[in-house]
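Listed below, chain by chain, are the residues.
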Amino acid sequence: MLSDYSSIGIFLLLTISFPVIALVMAWMVRPKPKQTEEKLTTYECGVDTKGKTWIRFRVNYFLYALVFLAFDVETIFLFPWAVKFNSLGLFAFIEMVIFIAILVIGLWYAWREGALEWH
Amino acid sequence: MTVSLNDLVFVAMALVIVVAATGVVMLKNIVHSALSLILAFVGVAGIYFQLSAGFIGLVQIMVYAGAISVLIIFAIMLVMDKSVEKTNLFSPNIIRLLAGMGLTFLLFVTLGVSIWFTKFPVVPAEGPVDAVGMLANLFMGDYVIAFETAAILLLVAVIGAIILAKGAEDKQ
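Residues numbered from 1 in each chain as written. Chains lettered and ligands numbered in written order. Predicted model: local features only at pLDDT ≥ 70, side-chain atom pairs only at ≥ 80, totals over all residues.

Concerning the overall build of chain A
Moving on, step 1. When you go through chain A residue by residue, the secondary structure sums to 5 helices and 0 strands.
Moving on, step 2. Overall, chain A shows an N-to-C arrangement of helices and strands of α-α-α-α-α.
Moving on, step 3. A compact globule built from 119 residues should have a C-alpha radius of gyration of about 14 Å, whereas chain A, at 25 Å, is more than 25% larger.
Moving on, step 4. Counting only C-alpha atoms and orienting by the principal axes, one finds that chain A spans roughly 70 × 50 × 20 Å.
Moving on, step 5. Among the 119 residues that make up chain A, the fraction classed as buried is 15%. (Helix = DSSP H or I, 4+ residues; strand = E, 2+ residues; numbered from the N terminus. Rg over C-alpha atoms; globule rule 2.2 N^0.38 Å. Buried ≥ 20, exposed ≤ 12 C-beta atoms within 10 Å, placed from the backbone.)

Below is the structure:
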């Protein structure tokens, strides 16, 4: 029962253990100088930030996320169709064209309302 | 009672879910809570994979761990106002605290009783071999109308989201 997905499990275990082993190996062989404040500060490039970094962000981010969510769900519907594309035939193709056309109306609306613009 | 590999996987996944879900409640920083919630979603996806429901597991990872969590994090970014270490504290109001605990207890009892007293017949048969293919045949065959209605539902969701968010932006 598990056999089909056990490869995923083995892959997961390998991917978790790989960075752990790499970090432990690096920790074992590297020199360990005394930790000063300069060493412990977060690495940043560019200009220093002014004021707090935890601020409210623009609503545009949320708009992108909402549109992304809808099209993510659309991808879920596309997936079974793509798997069975060869055996389903023309009728299913036309159906899917209608499905995507309905959703493109949503994209067109988002575009027209300026939801994709950054101002 | 023998412990199979299947049981071990279930226990590991259940442990991930319980620890992550406890983290969502306990962590003081709401961003950490959101990240913990993503881990819980991935754990639930693991349970789906263990039950040979690969497609549902895929949906769980793509929609919940992918899109819903992005939505939650953006919602946090949108309302972030206080200092971040104190964004997810317990309520100082003792009555609310007790009411929440009571509600959780009732939910726990209801779920526990309904699971305990339901007879789950053991079906020895294997799950469907080509579940995604069967789903495709149903989508494109018997349930065409429902399938196209789902597209209209998504369209309504997109338009509604844009109207709501544009209204919020104009107020700013």
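Points about the packing of helix α3 (residues 59–83) of chain A against helix α5 (residues 131–140) of chain B
Moving on, step 1. At a minimum axis separation of 8 Å, α3(A) and α5(B) run at an interaxial angle of 105°. If you check the angle between α3(A) and α5(B), you find them roughly perpendicular. Here P80(A), W81(A) and V83(A) of α3(A) lie close against α5(B), whose contacting residues are V132(B), G133(B), L135(B), A136(B), F139(B) and M140(B).
Moving on, step 2. The class makeup of the residues in the contact of α3(A) with α5(B) is 8 nonpolar, 1 polar and no charged. (Axes fitted to C-alpha atoms, helices over the stretch in contact; angles between N-to-C directions. Parallel < 35°, antiparallel > 145°, perpendicular 65-115°, else oblique. Contact = placed C-beta atoms within 7 Å. Nonpolar A, V, L, I, M, F, W, Y, C, P; charged D, E, K, R; others polar.)

Remarks on the interface of chain A and chain B
Moving on, step 1. Between chain A and chain B, the contact holds 43 residues from the first and 45 residues from the second.
Moving on, step 2. Mapped by element, the contributors of at least two residues to the side of chain A that touches chain B are α1 (3–29), α3 and α5 (90–112) of chain A.
Moving on, step 3. Sorting elements by how many residues they give to the side of chain A that touches chain B places α3(A) first, with 19 residues.
Moving on, step 4. Residues that form the side of chain A that touches chain B fall into these classes: 33 nonpolar, 3 polar and 7 charged.

What to know about unusual backbone geometry
Residues and elements named next belong to chain B.
Moving on, step 1. Not every positive phi belongs to a glycine, and S52 is a case in point at roughly 60°.
Moving on, step 2. Assignment of secondary structure puts S52 in the loop between α2 (30–50) and α3 (54–79).
Moving on, step 3. Residue S52 is classed as partly exposed on the basis of its 18 C-beta neighbours within 10 Å.

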